[in-house]
Amino acid sequence: MRTLIVDDEPLALRRLATSLRGIEDIQVIGSTTSARRALALIGELKPDLVLLDVTMPGLDGFNLLEQLPDADRPAIVFVTAHAGYAAKAFEVEAVDYLLKPVSHDRLRGAIRRALYWLGREEESFARRSDMQAMPALDAAGEDSLWVHRHQAFDRVAIDDIVWIEAQGDYVRIHTRNGGGMARATLYELEGLLNSQHFIRIHRSAICRRSAIVRVQRKATGAVTATLVNGDEAPVGRTYSGGLRTFLDRIRTDEKDRSRRSRSD
């Protein structure tokens, strides 16, 4: 994925370039401290991805986007020290919004989202005839799913699933020890999974109830659920009520257990 970095701070450019070296499928084709120069470079180099600061002298990141043609627009990931522009960033269909200093894991997650935004990973899976021939639910039974990983199909027990993430016409199954892709929709799996053990928390995420260890609101205003394997899943407004009820029930159960232990 051909990547251009745009930030008015030279140190920030160097840090991002260094972080990107450790990520597969990334080629940094240029960097600049000027948004006006970035406009020219985007036209000349045709990057797939632009890592873009928001506040820059002369022309800010949003002004730059306004001047880009909609056709063949690169994937945009904002990288900034300011949390207040997150809502605007998603209004202009940015792939992700990263706050400095950016952790390596967070940057990797943004790169993965950019791949799906560009359709690269979905296309690569669609081209695999064996992936098309092996639905997740066929012949697996109700206690497991067929998951594609490492150029093979593995049977993954539903009891091992931490959470499930929708990605186009596929889902990514996350377990404590990795996971893989499965040919199924989140809607199909929601009907299969036991609602006593799993909860839908976003239009693109289903989580094991017992795997949720933290729910928090980020500086950007987004709400996320942290899972036992260290992943963060998004929490959607439509589904937050059910999650709140689940958490309230846990707190009530803990109070009851504490009361009983004191009485004993």
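These numbers were taken from a predicted model, which means no experiment stands behind them.

K.L.:
Teacher, can you tell me more about the overall build of the chain here?
P.N.:
When helices and strands are tallied, the chain shows nine helices and 15 strands. A total of 264 residues make up the chain; the buried ones form 43% of that total. The long-range share in the chain, meaning contacts at least 24 apart out of those at least 6 apart in sequence, stands at 50%. Counting only carbon and sulfur atoms, one obtains 45% of the accessible surface of the chain, whose full area is about 14600 Å².

K.L.:
Looking at this structure, I do not really get the sheet that holds strand 1 (residues 2-6). What am I missing?
P.N.:
Adjacent strands of a sheet pair through backbone hydrogen bonds, lying either parallel or antiparallel. The strand order across the open sheet formed by five strands is 2-1-3-4-5, and the pairing between neighbours is parallel. Single-partner strands in this sheet number two, and they are strand 2 (27-32) and strand 5 (96-99). Direction aside, the axes of adjacent strands within the sheet are offset by 20 degrees on average. Relative to strand 4 (residues 75-80), strand 3 (residues 49-52) runs parallel, the two being bridged by four bridges. The residue of strand 4 that forms the bridge with Leu51 is Val77. On top of the sheet, helix 1 (residues 10-21) reaches strand 1, strand 2, strand 3 and strand 4; it is set at about 155 degrees to strand 1, its chief contact. Contacting strand 1, strand 2 and strand 3, helix 2 (residues 35-45) runs over the sheet at an angle of about 170 degrees to strand 1.

K.L.:
Got a minute to help me understand the nonpolar core in this structure?
P.N.:
Within soluble globular proteins, side chains that are nonpolar generally end up buried alongside one another. Counting residues in hydrophobic clusters, the biggest one holds 22 residues, and the most contacted among them are Val6, Val50, Leu52, Leu64 and Phe78. Where this core is concerned, the elements lending two or more residues are strand 1, helix 2, strand 3, helix 3 (61-66), strand 4 and helix 4 (86-91). Ranked by residues supplied to this core, first place goes to helix 2 with five residues. If sequence neighbours within four positions are ignored, Leu52 has contacts with Val6, Gly61, Leu64, Leu65, Ile76, Val77, Phe78 and Val79. In this structure, Ile5, Leu49, Leu98 and Leu107 belong to the second largest nonpolar core, which totals 20 residues.

K.L.:
So what exactly am I meant to see when it comes to helix 1 here?
P.N.:
In an α-helix, one turn spans 3.6 residues; hence positions three or four apart end up facing the same way. In this model, helix 1 (twelve residues) spans 17 Å end to end at C-alpha, consistent with the 16 Å of a helix rising 1.5 Å per residue. Residues Ala12, Leu13, Leu16, Ala17 and Leu20 constitute the buried set of helix 1. Across the axial projection of helix 1, the buried residues extend over an arc of 130 degrees, all falling on one side. Turned more than 90 degrees away from the buried face of helix 1, the exposed residues are Arg14, Arg15 and Arg21.

What counts, and at which threshold
- Within each chain, residue numbers correspond to sequence positions counted from 1 in written order.
- Two thresholds apply to this predicted model, a pLDDT of at least 70 for residue-level local features and 80 or more for giving and counting side-chain atom pairs, whereas whole-chain, interface and lining totals are computed over all residues.
- Hydrogens are left out, water is left out, and the side-chain values use all remaining heavy atoms of the structure.
- Secondary structure elements are defined from DSSP: runs of H or I of at least 4 residues count as helices, runs of E of at least 2 residues count as strands, and each element is numbered from the N terminus.
- Here's how the labels work: a residue is buried when its accessible area is under 20% of the maximum for its type, exposed when over 50%, partly exposed in between, all with a 1.4 Å probe on protein chains only.
- By definition, residues are in contact when any of their heavy atoms lie within 4.5 Å.
- We get accessible surface area from the Shrake-Rupley algorithm with a probe of 1.4 Å; when it comes to residues, only the shown protein chains can shield them.
- We treat two strands as partners when DSSP finds at least two bridges between them.
- For helices, the fitted line uses only the C-alpha atoms of the stretch in contact; every axis is such a line through C-alpha atoms, and the angle between N-to-C directions lies from 0 to 180 degrees.
- Take the buried Ala, Val, Leu, Ile, Met, Phe, Trp, Tyr and Cys residues and link them wherever side-chain atoms come within 4.5 Å; each set so joined is a nonpolar core.
- Here a helix's expected span is defined as the number of its residues, less one, multiplied by 1.5 Å.
- The arc in question is the one spanned by the directions pointing from the helix axis to the C-beta atoms.

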